[in-house]
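Secondary and tertiary structure notes
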Amino acid sequence: TLRPDGRFGGCVAVEEGTENLVDNPTMLGETGIHSWFIVYGSGVVYSIVDEAYISGTKSQRIQYTSATNDGGQYNNRGIRFSLEMTIGETYTFSFYGKNWEEIHPISWYPHNATTITQKKENIGDGWVRYEYTFKVNDNPVSVYIRPNENRDYSFDALISAPQLEQKPFATSFVDGTR
């Protein structure tokens, strides 16, 4: 993570210590829907696939085939997680994603939390790094992640290397604690 620091005439690289609160973020040994995520919407198919952004990990695949595929209605399909978190604290959820925004932007909706920042960075070969920072207002916090602005379109999206940290910014992926 780069942090500006004028004392050294530019920026210095600082890697923060952190704990990834996602259980088994490598997804190794998982099948169907990853044990940390929750099914969201009828007709959505979940699987764990080998294609991943970080070597040695797998991805959660989320697929849906729309009957109309016209975006005319809200879809309410994708994936979600729900956790008890410390009220008043700030957390950041990040992941590498593919095919979340083929027609419209990704939709991120937190229940019982307030979004502070949303960032995304195209990193090549169709992969995008998504980062969402939010403050917990009440429990449980449920977060809904939906392709194409939650509109009724077919989708085939990937989540790779999910990370939830109790801090106001994302750090590089870690499987456990650094």
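Please refer to the structure higher up on the page.
In this report, the structure presented in the accompanying data block is examined.

Conventions adopted
Residues numbered from 1 in each chain as written. Predicted model: local features only at pLDDT ≥ 70, side-chain atom pairs only at ≥ 80, totals over all residues. Heavy atoms only, no water. Phe/Tyr/Trp six-rings, centres within 6.5 Å; stacked < 30°, edge-to-face > 60°. Lys NZ or Arg CZ within 6 Å of the ring centre and 35° of its normal. Helix = DSSP H or I, 4+ residues; strand = E, 2+ residues; numbered from the N terminus. Polar contact = N/O pair within 3.5 Å; in protein donor to acceptor, adjacent residues only side chain to side chain. Contact = heavy atoms within 4.5 Å. Pairing = 2+ DSSP bridges. Core = buried A, V, L, I, M, F, W, Y, C linked by side-chain atoms within 4.5 Å. Buried < 20%, exposed > 50% of the residue type's maximum accessible area, 1.4 Å probe, protein only. Axes fitted to C-alpha atoms, helices over the stretch in contact; angles between N-to-C directions.

1. Concerning the packing of aromatic side chains
Tallying each qualifying case throughout the model produces 17 aromatic pairs. These aromatic residues form a ring-pair network of at least three members: Trp36, Phe37, Phe81, Tyr91, Phe93, Phe95, Trp100, Trp108, Tyr130, Tyr132 and Phe134. Above the ring of Tyr96, the side-chain terminus of Arg129 is found at 5.0 Å from the ring centroid. Positioned over the ring face of Tyr74 is Arg151, at 4.4 Å from the centre of the ring.

2. Points about the side chain of Glu131
Note that Glu131 resides in strand β10 (residues 127–136). A distance of 3.4 Å separates polar atoms of two side chains, one belonging to Glu131 and the other to Arg129. If sequence neighbours within four positions are ignored, Glu131 has contacts with Phe93, Ser94, Thr117, Gln118, Lys119 and Ala170.

3. Looking at the pairing of strand β6 (residues 78–83)
Of the pairings in the sheet, the one linking strand β3 (residues 38–40) to β6 comprises three bridges and is antiparallel in character. Bridge pairing links Val39 to Ile79 in β6. Across five bridges, the pairing between β6 and strand β11 (residues 141–146) is antiparallel. Across the sheet, the residue bridging to Leu83 is Val141, located in β11.

4. Remarks on the nonpolar core
Phe93, Phe95, Trp100, Phe134 and Ile145 are the most contacted members of the largest nonpolar core, which totals 33 residues. Secondary structure elements with two or more residues in this core: β4 (45–49), β5 (59–64), β6, β7 (90–98), β10, β11 and β12 (155–165). With five residues, β10 is the largest single contributor of residues to this core.

5. Considerations on the side chain of Thr18
Of note, Thr18 is situated in the loop between β2 (10–13) and β3. A distance of 2.6 Å separates the side chain of Thr18 from the side chain of Glu165, its partner in a polar contact. Each residue touching Thr18, except ones within four places of it in the same chain, is listed here: Gln163, Glu165, Lys167, Thr171, Val174, Gly176, Thr177 and Arg178.

6. Some details on the sheet that holds β7
Spatial strand order, β4-β5-β12-β7-β10-β9: six strands in an open sheet with antiparallel pairing. Single-partner strands in this sheet number two, and they are β4 and β9 (113–124). Taking each pair of neighbouring strands and ignoring which way they run, the sheet shows an average axis angle of 25°. Bridge count for β9 against β10 is ten bridges, and the pairing is antiparallel. Its bridge partner lying in β10, Gln118 is registered against Tyr132.

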